[in-house]
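Topology and contacts: notes
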Amino acid sequence: MDYSVYELPSLSSPSPRPSPRDPLPDSAERSVKVLVVGGFGVGKTTLVGSASEIRPLRAAAGTGPRVAVDVGRVTCGGRLVLYLFGPPGQQHLWFLLDGVLDGAIGAVVLVDTRRLHDSFPAVDRLERGGVPFVVAANLFPDAPLCPAGDLRATLDLPGSVPVVTCDARRPGSSRGVLLTLLRHLHTTAPRRNTPPRRAM
Amino acid sequence: MQHPDAPPRSARPGREERTARAATAGDADPRGGQGPPAPLRLVAARTAFDLATLVFATSAAPADLPPEQAALLRACARPLSVAELSAHLGLPLRTVVALLGELHARGHVELRGTREEQCRAASHPDPTILKALIDGLQRL
Ligand SMILES: Nc1nc2c(ncn2[C@@H]2O[C@H](COP(=O)(O)OP(=O)(O)OP(=O)(O)O)[C@@H](O)[C@H]2O)c(=O)[nH]1
Ligand SMILES: [Mg+2]
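Each chain has its residues counted from 1, running along the sequence as written. All chains are assigned letters beginning with A, and all ligands numbers beginning with 1, in the order in which they are written. A pLDDT threshold of at least 70 governs which residues receive local features in this predicted model, and a stricter bar of 80 or more applies before side-chain atom pairs are shown or counted, although totals over entire chains, interfaces and linings include all residues. Hydrogens are left out, water is left out, and the side-chain values use all remaining heavy atoms of the structure.

1. Observations regarding the overall build of chain B
- From N to C terminus, chain B includes 6 helices and 3 strands.
- What you see in chain B, going N to C, is helices and strands ordered as α-β-α-β-α-α-β-α-α.
- Buried positions account for 41% of the 140 residues belonging to chain B.
- For every accessible area listed, the method is Shrake-Rupley and the probe measures 1.4 Å; residues are considered covered only by the protein chains on display. A total of about 7200 Å² of accessible surface is found on chain B, and carbon and sulfur atoms cover 56% of it. Runs of H or I in DSSP of at least four residues are treated as helices and runs of E of at least two as strands, each being numbered from the N terminus. Relative accessibility decides the category of a residue: with a 1.4 Å probe and only protein chains considered, values under 20% of the type maximum give buried, values over 50% give exposed, and everything between is partly exposed.

Okay, structure coming up:
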């Protein structure tokens, strides 16, 4: 079975996408890695795909169609590339997250407000690894609005962690979540003084 | 699954342990030694490669190069990440990393942002880079 290239069923805006083999400019020299994590079926693949400038890709990390990491990309100028990686949400595949955690500048924890508990392992894992993150509630039409305060309390988040809502199907909304993360990192960067994270 | 209108949801457990850990942060391995067993790791610990490492061919494929390595070298005639190479060639990450290791050892590819560099950059984010990413995303 070929699961290396994965087409999203539908995106709300049929924006023309470059070929999946689109190379980077020769000047590309710096890549920055952001993770999109969360429980099963919360819209991680959708968010990575809608935010990305390339057609959604999946990098096989094992055998079987589900053991793959979503890959998205946004180039910023000629030298800088933002990569988005979305490991699968099922618990038994969580070792994949361990493999992608190193070297990540930050993460988006995507949550479904009906199943907040499903995101506990992701939040725990990021905290343990010292990876800064923001939380984005993916607004499914049938999901009830969840006040940010309730979400914060349930996930037991420090006040410094930004909480936003999004529609993972919309590129503008997905990129807005990434902007929230990057601004959060930018605000905290000069003051953060942690020991370097160890390579595994 | 929890009903949306259910009364106060239980918060994420382990709060006390996390607070204690935060107090001693910096003393111990932040991963708490809880990494997965080695065979399950996505990319082997001692490779130079991260998913986001950019790979760039520095030479054309010599005639004696095994076909899989030659295909990989062709795929990175322009810079591309390890993850994209895996997806484009339909090869598992592990395989791509092994093949790239051989190409790198023979001097056929250049790496930008090795695993170690990515880890260093992530633990001390450069505000200039962050600002460039913010500006880039805003322009889209
Ligand atoms: N209505 C609505 N549906 C969404 C949204 N995001 C995702 N979906 C749908 O929800 C389903 C799951 O989305 P995925 O992106 O595959 O979720 P995932 O987190 O990658 O799932 P796993 O990788 O299996 O854990 C799909 O059918 C999507 O089309 C959203 O914002 N609104
Ligand atoms: Mg998915």
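2. Re the confidence of the model for chain B
Residues and elements named next belong to chain B.
- Residue-level confidence of the predictor is summarised by pLDDT, bounded by 0 at the bottom and 100 at the top. When pLDDT is averaged along chain B, the result is 81; 72% of the residues meet or exceed 70.
- Per-element averaging of pLDDT across chain B places helix α1 (residues 15-23) at the bottom with 64 and strand β3 (residues 109-112) at the top with 97.
- Taken together, the stretch residues 1-8 has pLDDT below 50 and engages in 6 contacts with residues farther than four places along the chain or on a different chain.
- Any pair of residues with heavy atoms lying within 4.5 Å of one another is described as a contacting pair. A low-confidence stretch, residues 25-40 stays under pLDDT 50, and its non-local contacts, those more than four residues away or across chains, total 20 contacts.
- Across the assembled chains, the prediction reports ipTM 0.84 with pTM 0.84.

3. Some details on the site of ligand 1
All names here are of chain A.
- We define proximity as follows: a residue is near a molecule or strand when any one of its heavy atoms falls within 4 Å of that partner. Lining the immediate environment of ligand 1, one finds 16 residues, of which Gly 41, Lys 44, Thr 45, Thr 46 and Asn 138 sit closest.
- Backbone polar atom of Gly 41 to an oxygen atom of ligand 1: 2.9 Å apart, as the coordinates give it.
- Under the convention adopted here, Pro, Cys and the residues Ala, Val, Leu, Ile, Met, Phe, Trp and Tyr are nonpolar, Asp, Glu, Lys and Arg are charged, and Gly plus all remaining residues are polar. Of the residues contributing to the shell around ligand 1, the split by class is 5 nonpolar, 7 polar and 4 charged. Any pair of N or O atoms that falls within 3.5 Å is considered a polar contact. Within protein, one atom must be able to donate a hydrogen and the other to accept it, and sequence-neighbouring residues count only if both atoms are side-chain atoms.

4. Focus: unusual backbone geometry
Residues and elements named next belong to chain A.
- With phi around 55°, Asp 156 is a residue other than glycine that occupies positive phi space.
- For Asp 156, the position within the fold is in the loop between α4 (148-155) and β7 (163-166).
- Exposure remark for Asp 156: the relative accessible area of 15% places this residue in the buried category.

5. Thoughts on empty space enclosed by the protein
- A pocket here means an open set of points on a 1 Å grid, computed over the protein atoms alone, that has protein on both sides within 12 Å along at least five of seven lines. A cavity is instead a set of points where a 1.4 Å probe fits but cannot get out; residues with an atom within 4 Å of a point line either one. Grid points are joined across faces, edges and corners, and a volume is the space filled by probe spheres set on the points. One pass over the full model with this rule turns up 1 cavity of 30 Å³ or more.
- Within this model, the largest cavity holds a volume of roughly 80 Å³.
- Along the walls of the largest cavity sit A:Arg30, A:Ser31, A:Val32, A:Lys33, A:Gly103, A:Ile105, B:Gln118, B:Ala121, B:Ala122, B:Asp126 and B:Ile129, which together make up its complete lining.
- Those elements that place two or more of their residues in the lining of the largest cavity are β1 (30-38) of chain A together with α5 (115-123) of chain B.
- A per-element tally of the lining of the largest cavity places β1(A) first, with 4 residues.
- Split by residue class, the lining of the largest cavity holds 5 nonpolar, 3 polar and 3 charged.

6. Quick look at the sheet that holds strand β5 (residues 104-111) of chain A
Residues and elements named next belong to chain A.
- When DSSP locates at least two bridges between a pair of strands, those strands are taken to pair. The 7 strands lie next to each other as β2-β3-β4-β1-β5-β6-β7, forming an open sheet whose pairing is mixed. The sheet terminates laterally at β2 (57-60) and β7, the two strands that pair on one side only. Between one strand axis and the next, the sheet turns by 30° as a mean value, whatever way the strands run. Here an angle of 0 to 180 degrees is reported between the N-to-C directions of two axes, which are lines fitted to C-alpha atoms, with helices fitted over the stretch in contact.

7. Regarding the packing of aromatic side chains
- Working definition: rings of Phe, Tyr and Trp (its six-membered ring) pair if their centres are within 6.5 Å, and the pair is stacked with planes under 30 degrees apart, edge-to-face with planes over 60 apart, and tilted otherwise. Counted under the stated rule, the structure contains 1 aromatic pair over all chains.
- Sitting over a ring, as applied to charges here, requires NZ of Lys or CZ of Arg to be within 6 Å of the ring centre and within 35 degrees of the ring normal. Above the face of the B:Phe56 ring, B:Arg112 is positioned so that its terminal group lies 4.8 Å from the ring centre.

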